[in-house]
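Here's the letter readout for the chains.
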Amino acid sequence: MYEDLTGKELCEAFHTDEKNGLRAKEAEKRLLCDGSNTLKTAKEQTLWDRIQNQINDPMIFILFLAASISMLLREYGDTGIILVVIGLNTTVGVIQEGKARKALEALKKMTAPSAVVKRDGIYERIPADKLVKGDMVKLKAGDQVPADIRLLKAQELSANESALTGESMPVRKSQEVIPKGLPIAEKKNMMYMSTEVMKGSGEGIVVATGMNTELGKIAGMIEDTKQEMTPLQKKLGDLGKILSVVAVALCAGLFFIGVVQHRNLLQMLLLAISLAVAAIPEGLPAVVTIVLALGVGRMVKINAIIRRLPAVETLGAVGVVCSDKTGTLTENKMTVTKIYADEKILPVSTIRKREFPKLMEGFLLCNNSILGKQEIGDATELALLHTGKNMGYDERRLQQQYPRTFEIPFNSEKKYMVSVHKDGSHEIAYIKGACDYVLNQCAYVENHGRRKPMTQMEKMKIRRAMEEMAKEGLRILALAYKDRVVSKTEKALTEGLVFAGMAGMLDPPRKESAQSVKTLKQAGVQVVMITGDYKDTAFSIAKKIGIADCVEQCITGQEMDEMSEGDLQKKMKNLRVFARVTPAHKVRIVKGFQDNGQIVAMTGDGVNDAPSLQKADIGIAMGKNGTDAAKNAADMVLSDDNFSTIEKAMEEGRGIYVNIKKSILFLLSSNFGEIITMFAAVLFQLPTPLKASHILWVNLITDSLPALALGIDKNDSEALMRKPPRNPKEGLFAHGGWRFTIFYGVLIAVITLYAFYLGGQTYAFTVLGISQLFHAIGMRDREKSVFQMKQWENPFMMIAFFLGLGLQIMVTEIPYFVQLFGTTCLSLQEWGLLLGISAMPLVLHEFFILLSKIGKHGDRKCRKI
């Protein structure tokens with residue numbers, strides 16, 4: 001639509017200014033008029049929709065059938081209880097679904113893209129939804145394009161437009177005017193919303209926002225992707241189906257035996273249906289979903305944003321963390337501390353104002369970062385701008401005096417950037433980048449304002465200086481220049497250069513990094529540092545943090561290239577530092593650890609890091625300095641770019657898995673107890689120990705609050721992080737889970753039947769309900785005595801226990817409920833007896849803990865002998 005306009009015509013059409021952009025007040029008016037730059041989302045479900053979702057469930061239909069049978073039997077109390085159960089189940093389901101939905105909506109907001117925009121002549125970063133037509137937007141490699149933009153500047157710019165056109169190959173872009181009416185794929189001067197900048201940089205004017213963009217026009221045809229299920233949720237779905245079949249078969253068997261024994265058919269049918277509903281763990285998926293949602297919410301508070309739910313589960317199984325050095329293990333607060341020029345390494349504090357003009361002007365001109373109201377750009381470039389400012393150089397004046405005419409943007413493979421500037425009647429080129437590359441392209445070296453040939457001796461002097469600075473842990477950048485540009489091809493611009501000097505930058509390790517590395521080592525997790533810096537610089541930082549002990553644990557990308565896959569795999573177990581690596585090496589590093597049977601987490605921030613983030617079992621992108629491309633490829637985003645957040649997230653991930661497993665074992669053992677109680681009674685021709693309403697009531701007070709309380713339990717962080725990573729192939733019932741479930745199921749059944757033998761249905765009903773509440777308390781930690789657990793760290797469990805106990809007392813002590821449930825009032829002595837019997841799951845829990853301690857003590861004695 002605007003591809004045929006010149007830059008001047010475009011600015012006039014949108015009443016904007018290429019030099020200063022829109023005025024902030026004008027942008028506010030346009031935002032009010034046009035609305036936010038967002039696509040319409042699917043219609044939000046109403047409360048009634050969510051209630052219908054809960055009612056539209058096979059278990060609810062079965063309960064309605066049970067209520068109908070109760071009506072036929074004129075058991076109106078049972079009918080009322082079943083309907084109350086349906087109502088409470090629906091209410092709990094709606095609340096849980098609402099919490100999960102809110103948590104996921106909050107995450108979407110936190111991962112929303114941003115844009116660098118020029119307003120009132122100043123660049124600033126704003127949320128992409130605040131963009132308006134006429135805004136001047138700056139783009140660079142790795143950005144997600146925030147709106148439809150007509151380019152005014154483009155330097156080696158290409159975009160991935162597969163999300164819009166289906167074309168997988170990057171499309172080369174330019175600012176040239178093109179004829180009107182071409183297909184979208186051929187509009188080379190247009191950038192489209194939600195596409196990705198793959199290479200280069202550019203600047204342009206927003207011509208369409210929100211639903212008026214090309215993507216917005218087809219938004220009606222795009223469906224929201226469903227929330228991905230975790231492997232655990234899939235396993236639970238399969239387990240639920242198996243248990244449902246088993247439970248229905250058992251209940252059908254129960255009904256058949258009742259028929260053979262000439263029991264009341266309708267009562268037996270009602271009992272069988274109630275038992276089927278109670279036995280099938282329909283509460284499990286809801287508990288898992290809410291535990292995952294709440295866990296993801298807690299992770300947000302520690303600055304870890306989960307983009308894909310399966311990552312929560314995988315975190316507990318990670319055995320290797322491959323972390324970038326800069327900004328993750330270090331503070332990313334670059335400070336230039338040393339300058340190498342005129343054959344000397346000088347502390348910056350000793351350099352005179354406006355000294356080394358060629359070197360400093362080059363560092364300021366060959367630079368894409370911005371100092372202003374907001375600091376925008378790479379920490380390395382910002383450090384150079386600050387140093388230049390402190391040395392008396394005016395970056396803005398230099399940009400005006402020597403305007404940029406051409407640029408080859410920084411590339412993580414080649415590790416350099418080139419900018420060409422007009423200098424009077426001719427043009428000058430500056431190249432800034434990795435010292436070894438820049439040095440190899442130089443034919444001359446500048447010394448005290450004079451130029452001399454770059455001999456082997458001169459190269460040796462520079463390399464010695466480089467090594468000396470690297471051993472101090474400094475990150476080093478070199479600068480060279482070409483003062484007469486003839487051709488703007490990459491080859492012509494990067495040969496026959498004049499070496500101007502180097503800057504050494506200090507990026508100190510984060511204070512918390514060393515402790516986090518130590519904690520992860522204790523947890524059996526190997527920490528690996530990956531960096532583009534020199535081996536000496538990398539080892540210096542790695543040693544301070546505790547990642548590496550000797551230089552033999554370090555390897556460079558070049559050394560990797562010279563090794564076969566087999567040789568590298570053998571060496572991987574001892575490697576801790578990978579220096580001078582490219583994004584292509586990162587994929588090979590991930591594969592090497594995975595081939596050794598490890599679950600790997602990999603960090604990344606650049607557009608070229610996407611392949612390694614996707615290859616890793618968990619890709620971790622940087623929230624502050626990461627590109628949109630890296631964030632879109634990642635499973636988790638660190639909003640503070642801090643390594644210690646990875647350690648906290650792994651601890652949280654382990655805790656979430658442990659809690660879900662506790663809820664599963666608790667619910668299944670409780671449900672097994674109910675099935676075995678009823679089946680054994682009917683099988684041995686005993687009177688029915690429980691009514692249908694009793695079973696549903698017990699199921700209601702134990703399936704919801706206690707199970708959820710276990711799901712949000714606070715675990716012992718030290719104990720969690722002393723254990724090795726979980727084997728991702730292990731099942732839900734690993735480490736004796738089935739034995740545990742069956743044992744406690746049988747125990748609950750035995751004490752319930754014993755109570756029935758002592759005093760009839762009221763005794764059995766009371767013991768079945770309260771024993772499961774005691775069982776829930778013991779389930780908080782299967783390896784620790786209840787007296788060692790800090791009970792008030794989980795107030796929700798205390799609330800669940802006492803609320804459940806209060807409800808159970810209510811049905812035996814309040815006349816209305818006594819009549820409704822067909823129970824009898826109990827004396828204090830009877831309550832004491834029944835509480836004692838009900839506490840057996842907790843008593844046996846303590847007994848097993850005592851046996852375990854005696855066994856460990858005996859083992860220690862044997863080792864001493």
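Quick caveat: nothing in here was measured; it's all calculated off a predicted structure. (Residues numbered from 1 in each chain as written. Predicted model: local features only at pLDDT ≥ 70, side-chain atom pairs only at ≥ 80, totals over all residues. Heavy atoms only, no water.)

**Describing the overall build of the chain**
Okay, so step 1: For the chain, the count of helices and strands is 35 helices and 24 strands.
Okay, so step 2: Looking at the chain residue by residue over its 865 residues, the buried ones come to 54%.
Okay, so step 3: Considering only intrachain contacts with a sequence separation of at least 6, the fraction spanning at least 24 residues in the chain is 71%.
Okay, so step 4: Surface summary for the chain: the accessible area is close to 38,900 Å², and the carbon and sulfur share equals 58%. (Helix = DSSP H or I, 4+ residues; strand = E, 2+ residues; numbered from the N terminus. Buried < 20%, exposed > 50% of the residue type's maximum accessible area, 1.4 Å probe, protein only. Contact = heavy atoms within 4.5 Å. Areas by Shrake-Rupley, 256 points an atom, 1.4 Å probe, with all protein chains shown as cover.)

**Some thoughts on the sheet that holds strand E23 (residues 618-622)**
Okay, so step 1: Spatial strand order, E8-E24-E23-E22-E9-E19-E21-E20: eight strands in an open sheet with mixed pairing. If you trace the sheet from one side to the other, it starts and ends with strand E8 (304-306) and strand E20 (554-556), each paired once. In this sheet, adjacent strand axes meet at a mean angle of 20° when their direction is disregarded.
Okay, so step 2: Here strand E22 (residues 600-604) pairs with E23 via four bridges, running parallel. Of the residues in E23, the one forming a bridge with Met602 is Gly619. (Pairing = 2+ DSSP bridges. Axes fitted to C-alpha atoms, helices over the stretch in contact; angles between N-to-C directions.)

**With respect to the packing of helix H31 (residues 761-778) against helix H34 (residues 828-838)**
Okay, so step 1: Contact geometry for H31 and H34: axes closest at 8 Å, N-to-C directions at 50°. As the angle between them shows, H31 and H34 are arranged oblique. Note that H31 runs across H34; the crossing there is right-handed. Residue-level inspection shows Tyr763, Thr766, Val767, Ile770, Ser771 and Phe774 of H31 in contact with H34, the latter providing Glu830, Trp831, Leu833, Leu834, Leu835, Ile837 and Ser838.
Okay, so step 2: For the contact of H31 with H34, the residue count by class is nine nonpolar, three polar and one charged. (Parallel < 35°, antiparallel > 145°, perpendicular 65-115°, else oblique. Left-handed = near helix turned anticlockwise from the far one by under 90°. Nonpolar A, V, L, I, M, F, W, Y, C, P; charged D, E, K, R; others polar.)

**Digging into the pattern of salt bridges**
Okay, so step 1: If you walk through the whole model with that rule in mind, you get 33 salt bridges.
Okay, so step 2: Here Arg308 ties to Asp635 by a salt bridge, and the two come within 3.5 Å at their closest N and O atoms. Taken together, the positions of Arg308 in the loop between E8 and helix H11 (310-315) and Asp635 in the loop between helix H25 (628-633) and strand E24 (636-638) put the pair 327 residues apart, joining distant regions of the chain.
Okay, so step 3: Looking at Arg308, the relative accessible area reads 26%, which means it is partly exposed.
Okay, so step 4: Relative accessible area serves as the criterion here: at 13%, Asp635 is assigned to the buried category. (Salt bridge = Lys/Arg side-chain N within 4 Å of Asp/Glu carboxyl O.)

**Details of the pairing of strand E10 (residues 335-341)**
Okay, so step 1: Of all the seven residues making up E10, five are buried; the element is thus mostly covered by neighbouring parts of the structure.
Okay, so step 2: As judged from the five bridges shared by E10 and strand E18 (residues 497-506), these two strands associate in the antiparallel manner. What sits directly across from Tyr340, in E18, is Met502.
Okay, so step 3: Here E10 runs beside strand E11 (residues 344-347); their pairing, made up of four bridges, is antiparallel. Paired with Ala341 across the strands is Lys344, a residue of E11.
Okay, so step 4: Between E10 and E11, which pair antiparallel in sequence order, lie two residues; one of them, Asp342, sits at a positive phi of approximately 55°.

**So, a nonpolar patch on the surface**
Okay, so step 1: The grouping of Phe743, Phe847, Phe848, Leu850, Leu851 and Ile854 at the surface amounts to a nonpolar patch, some 560 Å² of accessible area in total.
Okay, so step 2: Sort the elements by how many residues they give to the nonpolar patch and helix H35 (residues 840-864) lands first, with five residues.
Okay, so step 3: Looking at the secondary structure, you find Leu851 in helix H35. (Patch = residues over 30% accessible without salt bridge, like charges linked within 9 Å, V, L, I, M, F, W, Y side chains within 5 Å.)

**Let's talk about the packing of helix H22 (residues 565-572) against helix H23 (residues 583-595)**
Okay, so step 1: Contact pair H22 / H23: the axes reach a minimum separation of 9 Å and the direction vectors enclose 70°. Viewed along their axes, H22 and H23 adopt a mutual orientation that is roughly perpendicular. Here H22 runs over H23; the crossing is right-handed. Between H22, through Glu565, Leu568, Gln569 and Met572, and H23, the contact on the second element is made entirely by Arg588, Ile589, Gly592, Phe593 and Asp595.
Okay, so step 2: Taken together, the residues of the contact of H22 with H23 sort by class into four nonpolar, two polar and three charged.

**As for the packing of aromatic side chains**
Okay, so step 1: Summed over the entire model, instances satisfying the criterion amount to 13 aromatic pairs.
Okay, so step 2: Centre to centre, the rings of Tyr416 and Tyr437 are 4.7 Å apart; their planes meet at 5°, and the pair counts as stacked. Placement of the pair is Tyr416 in strand E13 (residues 416-423) and Tyr437 in helix H16 (residues 435-440), with a sequence separation of 21 residues.
Okay, so step 3: Grouped by ring-pair contacts, the aromatic residues Phe740, Phe743, Tyr744, Phe847 and Phe848 constitute a single cluster.
Okay, so step 4: One residue, Lys358, lies across the ring of Tyr481, its end atom 5.0 Å from the ring centre.
Okay, so step 5: The ring of Tyr534 carries Arg580 above its face, with NZ or CZ at 4.1 Å from the centroid. (Phe/Tyr/Trp six-rings, centres within 6.5 Å; stacked < 30°, edge-to-face > 60°. Lys NZ or Arg CZ within 6 Å of the ring centre and 35° of its normal.)

**Describing the confidence of the model for the chain**
In low-pLDDT segments, the atomic positions of the prediction should not be examined closely.
Okay, so step 1: Of the residues in the chain, 88% reach a pLDDT of 70 or more, and the chain-wide mean stands at 85.
Okay, so step 2: Within the model, pLDDT remains below 50 along residues 220-226, and this stretch shows two contacts once partners closer than five positions in the same chain are excluded. (pLDDT = per-residue confidence, 0-100.)

**Description of unusual backbone geometry**
Okay, so step 1: For Phe356, which is not glycine, the phi dihedral falls at a positive 50°.
Okay, so step 2: Structurally, Phe356 is set in the loop between E11 and helix H13 (357-365).
Okay, so step 3: A relative accessible area of 10% places Phe356 in the buried class.
Okay, so step 4: Even without glycine at this site, Asp641 takes up a positive phi of about 55°.

**A few points about the environment of Gln522**
Okay, so step 1: Relative to the elements of secondary structure, Gln522 occurs in helix H19 (residues 513-522).
Okay, so step 2: By relative accessible area, Gln522 is classed as partly exposed at 49%.
Okay, so step 3: Each C-alpha atom, one on Gln522 and one on Pro724, is 8.2 Å from the other, the two residues being 202 residues apart in sequence.
Okay, so step 4: Those residues in contact with Gln522, other than ones at most four positions away along the chain, are Met721 and Arg722.

**Details of helix H17 (residues 456-471)**
Along an α-helix, residues three or four apart share an orientation, since each turn contains 3.6 residues.
Okay, so step 1: Compared with an ideal rise of 1.5 Å per residue, which puts 16 residues at 22 Å, H17 spans 22 Å between its outermost C-alpha atoms and is within 8% of the ideal.
Okay, so step 2: Of all the positions in H17, only Glu458, Lys459, Ile462, Ala465, Met466, Met469 and Ala470 are classed as buried. Here the buried residues of H17 occupy an arc of 135° about the axis, which is enough to place them on one side. Along H17, the residues that are exposed and aim more than 90 degrees away from the buried face are Gln456 and Lys471.
Okay, so step 3: Just downstream of H17, Gly473 is the residue with a positive phi angle, here 80°. (Expected span 1.5 Å × (residues − 1). Arc of directions from axis to C-beta.)

**A few points about the pairing of strand E12 (residues 404-411)**
Two faces, one strand: in a regular strand the side chains alternate between the faces of the sheet.
Okay, so step 1: Strand direction decides the pairing type here: E12 and E13, joined by five bridges, are antiparallel. Residue pairing in the sheet places Phe406 in a bridge with Val420 of E13.
Okay, so step 2: Adjacent in sequence and paired antiparallel, E12 and E13 are bridged by four residues, among which Lys415 carries a positive phi angle near 60°.

**A closer look at the side chain of Arg780**
Okay, so step 1: Looking at the element boundaries, Arg780 is found in the loop between H31 and helix H32 (795-813).
Okay, so step 2: We classify Arg780 as buried; its relative accessible area is 5%.
Okay, so step 3: Among the polar contacts listed, one links the side chain of Arg780 to the side chain of Asp713, at a separation of 2.9 Å.
Okay, so step 4: If sequence neighbours within four positions are ignored, Arg780 has contacts with Lys662, Leu710, Asp713, Lys714, Met789, Lys790, Gln791, Glu793, Asn794 and Met797. (Polar contact = N/O pair within 3.5 Å; in protein donor to acceptor, adjacent residues only side chain to side chain.)

**Some points on the side chain of Thr380**
Okay, so step 1: Assignment of secondary structure puts Thr380 in helix H14 (residues 379-390).
Okay, so step 2: Looking at Thr380, the relative accessible area reads 7%, which means it is buried.
Okay, so step 3: If we ignore the near neighbours within four places in the chain, the residues touching Thr380 are Met334, Arg475, Leu477 and Met505.

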